[in-house]
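# Structural overview
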Amino acid sequence: MLILTHCDAPPNLRAAGIAAAERFFAESGADPIAAWRAAENVSFGQTYDRDALRAWYRAEDAAVLAMYGRWRHAPAAVALEWRPEPAEAVRPRAASASA
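Described in the following lines is the structure provided in the data block. Treat the numbers as computed from the prediction; the structure is a model and nothing was measured. (Residues numbered from 1 in each chain as written. Predicted model: local features only at pLDDT ≥ 70, side-chain atom pairs only at ≥ 80, totals over all residues. Heavy atoms only, no water.)

### Considering the side chain of Thr5
Here is the rule we go by: Runs of H or I in DSSP of at least four residues are treated as helices and runs of E of at least two as strands, each being numbered from the N terminus. Under this definition, polar contacts are N or O atom pairs within 3.5 Å; protein pairs additionally need one hydrogen-donor-capable and one acceptor-capable atom, and for neighbouring residues in sequence, both atoms have to be side-chain atoms. Throughout, a residue-residue contact means that at least one pair of heavy atoms, one from each residue, lies within 4.5 Å.
Residue placement: Thr5 occurs in strand E1 (residues 2-5). At a separation of 3.4 Å, a polar atom in the side chain of Thr5 contacts the side chain of Glu81. With sequence-adjacent residues up to four places away left out, Thr5 is seen in contact with Ala77, Val78, Ala79, Glu81 and Arg83.

Written out as structure tokens, the structure reads:
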């Protein structure tokens, strides 16, 4: 799930920011998890996929612009991050038919 960190926007603007980032990923066909991994890898000096990294930054840009209108109005440390769904939100797999 996508989250925004270091963000002082009200909940409705945060929701708009997340929606903008999700919309970017849906329209571009980019995988948000692969994009997040690229962003993490570049920060640790590891190899990364340029297209995935570009997608991550474009999604982050969409989120910030939806919340603040311009980057200059956003907190300096605002960031888009990906976190796994909480365990309670993940549905268990259906039992196997062969079991």
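What follows continues from the structure just given.
### Description of the pattern of salt bridges
Here is the rule we go by: Salt bridge, as used here, is a side-chain nitrogen of Lys or Arg placed within 4 Å of a carboxyl oxygen of Asp or Glu.
A full pass over the atoms with the stated rule returns two salt bridges. Between Arg54 and Asp51 there is a salt bridge, and its shortest N-O distance comes to 3.0 Å. Of this pair, Arg54 and Asp51 are both found in helix H3 (residues 50-68), three residues apart, which corresponds to roughly one turn of the helix. Of the charged contacts in the structure, one is a salt bridge between Glu81 and Arg83, with a shortest N-O distance of 2.6 Å.

### Concerning helix H2 (residues 32-43)
Just so we agree on the cut-off: Take the residue count of a helix, subtract one, and multiply by 1.5 Å to get its expected span. For every residue, the accessible area obtained with a 1.4 Å probe (protein chains only) is divided by the maximum for its type, and the residue is called buried under 20%, exposed over 50%, and partly exposed between those limits. Think of it as the arc spanned by the lines of direction from the helix axis to the C-beta atoms.
With twelve residues, H2 should cover 16 Å at 1.5 Å per step; its first-to-last C-alpha distance of 17 Å lies within 8% of that length. Buried within H2 are the following residues: Ala35, Trp36, Ala38 and Ala39. Burial along H2 is one-sided: seen end-on, the buried residues are contained in an arc of 155 degrees. Tucked inside the fold, the buried residues of H2 contact helix H1 (11-28), H3 and strand E2 (79-82). A positive phi of about 75 degrees marks Gly45, the residue just after H2.

### Concerning the packing of H1 against H3
The line we're drawing: For helices, the fitted axis covers only the stretch in contact; all axes are lines through C-alpha atoms, and the angles between them, taken along N-to-C directions, range from 0 to 180 degrees. Whether a crossing is left-handed or right-handed is set by the direction in which the near helix is turned from the far one by less than a right angle, anticlockwise for left-handed and clockwise for right-handed.
The geometry of H1 relative to H3 is characterised by a closest axis approach of 7 Å and an angle of 150 degrees between their N-to-C directions. In the packing of H1 onto H3, the handedness of the crossing is right-handed. Counted together, Leu13, Arg14, Ala16, Gly17, Ala20, Ala21, Phe24 and Phe25 of H1 and Ala55, Trp56, Arg58, Ala59, Ala62, Ala63, Ala66 and Met67 of H3 form the full contact between these two elements.

### Considerations on the nonpolar core
The condition is simple: The criterion is simple. A nonpolar core is a set of buried Ala, Val, Leu, Ile, Met, Phe, Trp, Tyr and Cys residues joined through side-chain atoms within 4.5 Å.
Judged by nonpolar contacts, the single largest core of 24 residues is most densely connected at Phe25, Trp56 and Leu80. Contributing elements (two or more residues each) for this core: E1, H1, H2 and H3. In this view, Phe25 contacts Leu2, Ala30, Asp31, Pro32, Ala35, Ala55, Trp56 and Ala59; residues no more than four positions away in its chain are not counted.

### Observations regarding the packing of H2 against H3
Threshold: Any angle that falls under 35 degrees is termed roughly parallel, while one over 145 is termed roughly antiparallel, one within 65 to 115 roughly perpendicular, and all others oblique. Any residue that is not Ala, Val, Leu, Ile, Met, Phe, Trp, Tyr, Cys, Pro, Asp, Glu, Lys or Arg is counted as polar, Gly included; the first ten are nonpolar and the last four charged.
Where H2 contacts H3, the axes come no closer than 8 Å and their chain directions differ by 100 degrees. In terms of their interaxial angle, H2 and H3 are classed as roughly perpendicular. Across the interface between the two elements, Pro32, Ala34, Ala35, Trp36, Ala38, Ala39 and Val42 from H2 touch Ala52, Leu53, Trp56 and Tyr57 from H3. Here the contact of H2 with H3 is built from residues that sort into eleven nonpolar, no polar and no charged.

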